[in-house]
Structure formats: structure tokens, C-alpha cells
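One-letter residues, chain by chain:
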Amino acid sequence: MLEPALLPTPLVDCTDEALARAGVELRLKRDDLLHPAVPGNKWRKLGPNLAAAVEQGHTRLLTFGGAYSTHLRAVAVAAAALGLESVGLVRGDELAGRPRNWSLRAAEAAGMELAFLSRTEYREATGRDGSADAEGRAALQRRWGPCLVLPEGGSNALAAIGAAAIPAELTDLGARDVVCCPVGTGGTLAGIAAGLPSGARALGVAVLRGGAGYLEDEVARLHRAAYGREFGNWRIDHAHHGGGYGKVRPELAAFAERFERRHGVALERRYVAKLLAALHDLAAAGEFPRGTRLTAVVTGLPDPV
């Protein structure tokens, strides 16, 4: 069994002098503290999908991720706790013969079977080559047997519904509020936007390069799938990906270290640090009206040292 989740997750004020000069408040929604093994947005997005898997009688989950995917580790742990098998299709066939990194070791230790795909095979398997979802799922099940296929990053209609619980825990939101999160596959942002009260807005910060247009389409698609409508209360910033997915430039690392010293909160670098650096940059550039309150969702834990 999984340990119980810490809900609602804490709110921590992190307004500093630079933000105060811009007339902006910042607080952190500490979803990184939600669960030790299935933290942050992974718990939010996986919960409804796992419930559906059990209800539908599935015995195996299959999903996708990169070499350091938090999603793969979370699925492995959650599946094992529910007595389900799990398969992870990993981007990069060159990794198959190499020693496992700490992330893939953790997924295997939790019982996940890993299969390493070339970039082309991975695009085909995830549907990112333009293949139809139903056709792609059928091909996967022919190869791997009956299973519930979870998309890369876990972002589907059920995941968006799960992420909508984040703003539901923020009971004081109003017209001055912007709820912010990093964006990898769009599910968390879709849920936050859908769950906001009238007047509040959502901001996503893309962590991958070249996602403009594609990520907006993904969020809109998730809204239609989950809620049968689109929402106009959100946007995505594409200027703070720091060189692309998984890239951590020295200036980002330096920002994260300063933030950690100032506020005593350890930051995950690939998603959370990019989000917070973007918010500081945007505030300094006057992108937020004075009086704005930013709530940044801390979606995951730092890598182990």
C-alpha cells in the first residue's frame, strides 16, 4: 500500500525584495511534500488513472519517459503498491547497454520492466509521429499484451481532472491571482486552469524548447477531452526553457542556489527552478500588474545528491 498523501499541501510565502519592488507577491504551493515516492503533480495526475485501472480490471500499466523521468519512477512505485505490473518504454536505445542511472535504477527496483527505444521508435510509440491514438495503443498491446497505456508524463483527461484539485485547495483566489506551474506535457496546467475561480488566471512556463503552439494545442485538447470545452484563462511562457528539456545552465543553477539560501526550500532544477526564475524575470520586466499574487506550484522533488 502507498503511504497516505499530505493534503492539502502547504503554502509558503517567498516574497523577496526584488519581487516587492515590482509590487508582486510570491507564495509556493508545496506539492513536492505531497508524497515521498509519488510527489507533486505525479500524484495529482496518476490518482484518477490508477483508480480507473483498478476499476477496469487492468493488471499491467505501460507508459513512457526519458532517462530521468519522474513519471516512470512514480508509475513504478504506484503500480507495485497496487499489485500491478508496470512497463516503461524509455527514450534512447543507446541506454540499454549502459549502467542504469539512479532514476532508472529506482524504477526497476520498484518492479518496472524497462524497454529502450530509438528516438524514431519512441515517437511512433507515443503517437508523436502523428499516428492515431487508438492505432498506437493497439500496436503497443499487440507487443506487450493487455495493459492500460498511460501517455508520456501521464497527461490525459483524467490527469487534468486530478490536477484541478490544486486550485481547489487555494480557497482565497481572486482577480489578482496567477497560479503558475512548469509545463512539460500540459496536464498540470490544463487542470489548474480548469479549476480556477472566475477572475484568477494560470501561467505555465515551458521547460522544453520548440514547444510553442504544440503545447497550447495539447492543453486545449486536454480541456476538450476532460471538460468538453476550452478555457481562456491561461497562457504559456516559452522564453525560459533554458536551452531545452533537461538543460540546466550555470545561470539557472546560480539562481536556484540563491533562492535556496534565501528561502530554505530545495529546488528541483529541470522544472521548478525554471518556473521560479521565469517568474522573477517576468516580474522585473513589469509583466505582472502591481498587486499581483503569484502562487507557484512546486511540482517535484530535487534529484538526490
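Quick note: structure is the one above.
Residues numbered from 1 in each chain as written. Predicted model: local features only at pLDDT ≥ 70, side-chain atom pairs only at ≥ 80, totals over all residues. Heavy atoms only, no water.

1. Some words on the overall build of the protein chain
Logical step 1: The number of helices and strands found in the protein chain is twelve helices and ten strands.
Logical step 2: Radius of gyration (C-alpha) of the protein chain: 19 Å, near the 19 Å computed for a compact globule of 305 residues.
Logical step 3: Here the C-alpha coordinates of the protein chain stretch approximately 60 × 45 × 35 Å along the principal axes.
Logical step 4: Put simply, the protein chain has 305 residues, and 51% of those count as buried. (Helix = DSSP H or I, 4+ residues; strand = E, 2+ residues; numbered from the N terminus. Rg over C-alpha atoms; globule rule 2.2 N^0.38 Å. Buried < 20%, exposed > 50% of the residue type's maximum accessible area, 1.4 Å probe, protein only.)

2. Some remarks on the pattern of salt bridges
Logical step 1: The tally for this structure, following the rule as stated, stands at 17 salt bridges.
Logical step 2: With a closest N to O distance of 3.4 Å, Asp16 and Arg262 form a salt bridge. On the criterion of sequence distance, the pair formed by Asp16 in the loop between strand 1 (11-13) and helix 1 (17-21) and Arg262 in helix 11 (residues 250-263) is long-range, its members being 246 residues apart.
Logical step 3: Look at Asp16 and you get buried, because its relative accessible area is 9%. (Salt bridge = Lys/Arg side-chain N within 4 Å of Asp/Glu carboxyl O.)

3. Here we look at the sheet that holds strand 3 (residues 60-65)
Logical step 1: Reading across the sheet, the four strands line up as 5-4-3-6 and stay open at both edges, with parallel pairing between neighbours. Two strands close off the open sheet at either side, each with one partner strand: strand 5 (112-117) and strand 6 (148-149).
Logical step 2: Here strand 4 (residues 85-91) runs beside strand 5; their pairing, made up of six bridges, is parallel. Paired with Arg91 across the strands is Leu117, a residue of strand 5.
Logical step 3: Against the sheet, helix 3 (residues 70-81) contacts strand 3, strand 4 and strand 5, and its axis sits at roughly 165 degrees relative to strand 3.
Logical step 4: Sitting on the sheet, helix 4 (residues 102-109) is in contact with strand 4 and strand 5, with an inclination near 135 degrees to strand 5. (Pairing = 2+ DSSP bridges. Contact = heavy atoms within 4.5 Å. Axes fitted to C-alpha atoms, helices over the stretch in contact; angles between N-to-C directions.)

4. Let's talk about the packing of helix 9 (residues 187-195) against helix 10 (residues 214-227)
Logical step 1: Their axes nearest at 9 Å, the elements helix 9 and helix 10 cross at an angle of 55 degrees. Considered as vectors, helix 9 and helix 10 are oriented oblique to each other. Every pair of crossing elements has a handedness; the one defined by helix 9 and helix 10 is right-handed. For the pair helix 9 and helix 10, contact is made by Gly187, Leu189, Ala190, Ala193 and Ala194 and by Val219, Leu222, His223 and Tyr227, respectively.
Logical step 2: Partitioned by chemical class, the residues of the contact of helix 9 with helix 10 number seven nonpolar, two polar and no charged. (Parallel < 35°, antiparallel > 145°, perpendicular 65-115°, else oblique. Left-handed = near helix turned anticlockwise from the far one by under 90°. Nonpolar A, V, L, I, M, F, W, Y, C, P; charged D, E, K, R; others polar.)

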